[in-house]
Structures are given as C-alpha cells and as structure tokens.
Amino acid sequence: MEFRQAQRMQGLTSAIFTEVDNLRKEQVAAGKDIITLSIGSPDLAPAGHIIEALQQGVGNRNNYGYTLSKGIPAFSNAVSNWYKSHFDVDLDAQTEVYSLIGSQDGLAHIALCLVNPGDVVLVPDPGYPIFSAGPLMAGAELYRMPLTAANHYLPDLSAISEAVLKRAKMMIINYPNNPLAATAPREFFEQVVAFAKRYNILVCHDFAYSELVFDGYRPDSFLSIPGAKEVAIEFHSLSKTYNMAGCRAGMVVGNKEVIALLGKVKSNFDYGIFQPIQQAAVAALTGPQDCVRETALTYQRRRDIIVNGLNQMGWQVNRPQASMYVWAPVPTQQSSFDFVVDLLKHAGVALIPGSGFGQFGEGFVRIALVQPEDRLSEAVHRIESWLGKL
C-alpha cells in the first residue's frame, strides 16, 4: 500500500536539527566523543524553587485532570505581572494572555487562524524553521525577508513590493534572534508598528530570548511600542529563561481578538498544559529572579570562550549581545552543510549549518552555547587543530 503526503506538506523538509543529530549519533555509535553545539537545548537545570513547585504539583492527586488550553488563572496572572515588571507592558490576564505548550505551539498554529490558501506571510530569512513551516501548513505563500549584515540583520521593509503587501496577512519577526543572535533597536519596532497599521498586517514577534542578554543590554518588548497591541501579538517561553525546555510552557500575549482566535484553534487541538507544569511556571515567574541573572551570566562566559577562541585562531566572528548562539561565517570554501559534516567527523564538534535556516543562511553556521565551559574550550581546541591541518 502506498501513502502519499498531502499537498500542504509540500515545502516542508525534515528538520535540519534531526539530520545533524542523526549524523552525530552515527559518530557516537562509532565510539567517538562528540561535543554537541547543535540543538539549542539548555543543559542547565531549573532553579530549586521551580523544581520544588513541580514536585509538589506532581504529588497532588487533584492535579491530573484536564486544565483546558487557556491555562489556569494563576498562570495568566503571573504572566501579566511579569510583563508589567519586566517591560512595563499592561496585559489583561483574562483576554490578552493565553498559555502555550511551548512558544512553538503558538507559532505553529497562528497562521491557521488568519491565513487562507494563497495569502502571503512575511517571514525572516534566515529564520527559525517553524516561522515558515506553520504558514506553509496553512496554505500560505511565503515572502522571505532577507536578514543581512549590511542591514544590521533587520528586514528592509521598503524593499517589499506593494503587490506583495496587498496580499500579506502576517509578518513574523524575532529579536533577540535565533539563529543570528541579532538584536533590534526600538526605532525599528516603531517602524514595524506603523508599517503594519498601514497595510493591515498582523505582527507576530518571537521574544523567547529576552532574558539571555549580556553586557548590560536590555531588549524592548514589541508590545511596549505605542499602538503595538492594535497590530501585534508576542510569543514567549519559559524554556530558555528558566531552563524548562522539556516542560513545554509558554505564552502568547497582545491583541485580544487574535488571541481569542488562536484560543479557538487550540481548544480543538489540545487540553492544556499539565497543571504541575503550570504551577512550576508560576513559581518561576513570581519567585526569585537571581537564577535568571545567573543563567545569563553563564551564557555570557560561554559566549566569550567561543568568540575569543575563534577570533584568536583567525576565524572572525561577532560578539552577540543576546541569545544562546553565535552566528559565524564558514571559515573554509565549503558549503555550510559540508563544513558541518566534516567538522563533526574530523573534529568531533556538532554545529548547525546556516542553510537549514533559509537561503540567506548559506555560508554561515550556528553555534549553540549549550555545553559547560571546559567542553567549549575543548571544542575551540579541536576546531583550531582541525582547521590548522587544512
């Protein structure tokens, strides 16, 4: 019997993360020690008070029913208060906050709420794969906005034709950025708000890396821009901020009409986040924030090991102000994928090729800072030794 994929699957590829990880597993099976700097999964654990709240929740026999997709009131209130204290953004916990099974849940489903087949969605290139996959599954046509160093890794809104803008329904942006580790000035967000109002476009801002910031830098929430709630929603997650990636707890905030639509879709797809995880999320958002600052400092030290080490060997890379990644040009004459494969086989270091994030990612690799400092130092040593032999 033959099963053919649905037309909506056209344009989707197997995730580059899975492909690289399969190659890594082959090397591990062959007995090699691999330093994994590919998948951006935090290697740090949540703070003690978060784990304790999760343990207490799991031990409560009353916590095993459906929670429904909106989220428990305590979680919505915690998100609202956290946004106010961190970004001075006022949110109605009842109508402007909705729980997500990780921010990717919302990013995957938002296009289903607003996009009809043939509508255009503006997506960044390079961009995290779900930014494109979600709209493609909804039948959208993608307009890829190049993010290049020449334009400070910001989309050039003036380069998008009127013909495209008349058909555009959504625009996805992401700062601090994955995979580029780029940041955006407040002035750019102000331009985007005016742009979205002019063309009646919903802006979806992925803000998952807001707390992994270095050297005194603080990013703005997109919703802190006057008028942003009229045209935008913002996705956030506890995965990176509180090292709760496997717990799958996130939120979407902003325009209440759009959030209601997303809630309508989600209420048909899932029954909410396990209540103990929501209780742990409340503990994270409302409890001591020293753990967040320590996590950021840990990534800052790791960033410096990689950036300083690569620059000293002659592989010139920029020093990012945020995220858990370093975006680096391929130092050989190879494609990004071929370089990653050779580096894995000969140096035992796993990275992600930039081509996995879009056309404009070719020629670069993403380095995830998800190993202890001694392993990162070893990775630098292995890379320098291998490149020295070429």
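It should be emphasised that the depicted structure is a prediction, and the values quoted were computed from it without experimental measurement.

Cut-off values and rules
- Residues numbered from 1 in each chain as written.
- Predicted model: local features only at pLDDT ≥ 70, side-chain atom pairs only at ≥ 80, totals over all residues.
- Heavy atoms only, no water.
- UniProt positions renumbered as here; feature names shortened; annotations may be inferred.
- Helix = DSSP H or I, 4+ residues; strand = E, 2+ residues; numbered from the N terminus.
- Pairing = 2+ DSSP bridges.
- Disulfide = S-S within 2.5 Å.
- Core = buried A, V, L, I, M, F, W, Y, C linked by side-chain atoms within 4.5 Å.
- Buried < 20%, exposed > 50% of the residue type's maximum accessible area, 1.4 Å probe, protein only.
- Domains from an automatic or database assignment.
- Contact = heavy atoms within 4.5 Å.

Engineer: Is there a simple way to think about the UniProt feature "domain: Aminotransferase class I/classII large" (unreviewed entry) in the protein chain in this case?
Structural biologist: Residues given the UniProt feature "domain: Aminotransferase class I/classII large" (unreviewed entry) here are residues 32-383. The span residues 32-383 is 39% helix and 16% strand, and its two end C-alpha atoms sit 15 Å from each other.

Engineer: In this structure, what is going on with the sheet that holds strand S12 (residues 364-368)? I would like to understand it.
Structural biologist: Think of a sheet as strands paired side by side through backbone hydrogen bonds, with each pair either parallel or antiparallel. A sheet is described by the order of its strands in space; here three strands give the open sequence S9-S12-S11, paired in antiparallel fashion. Strands with a single pairing partner mark the edges of an open sheet, and in this sheet they are strand S9 (325-329) and strand S11 (352-353).

Engineer: How should I be thinking about the state of the cysteines in this particular structure?
Structural biologist: Working definition: the covalent bond between the sulfur atoms of two cysteines is a disulfide. Summed over all chains, the structure comprises zero disulfides. There is no disulfide at cysteine 247, and the cysteine sulfur nearest it, in cysteine 291, is 13 Å away.

Engineer: Please clarify how the nonpolar core should be interpreted in this entry.
Structural biologist: Leu122 and Tyr242 are the most contacted members of the largest nonpolar core, which has 101 residues in total. At seven residues, the largest contribution of residues to this core is made by helix H7 (residues 186-199). Residues from two domains meet in this core; each of domain 1 (7-45 + 290-388) and domain 2 (49-288) gives at least three. Non-local contacts of tyrosine 242, meaning those with residues more than four positions away in its chain, are made with Pro46, Ile50, Trp82, Ala284, Leu285, Gln289, Cys291 and Val292. By size, the runner-up hydrophobic cluster in this structure holds 24 residues, among which are Leu107, Val121, Ala140 and Leu262.

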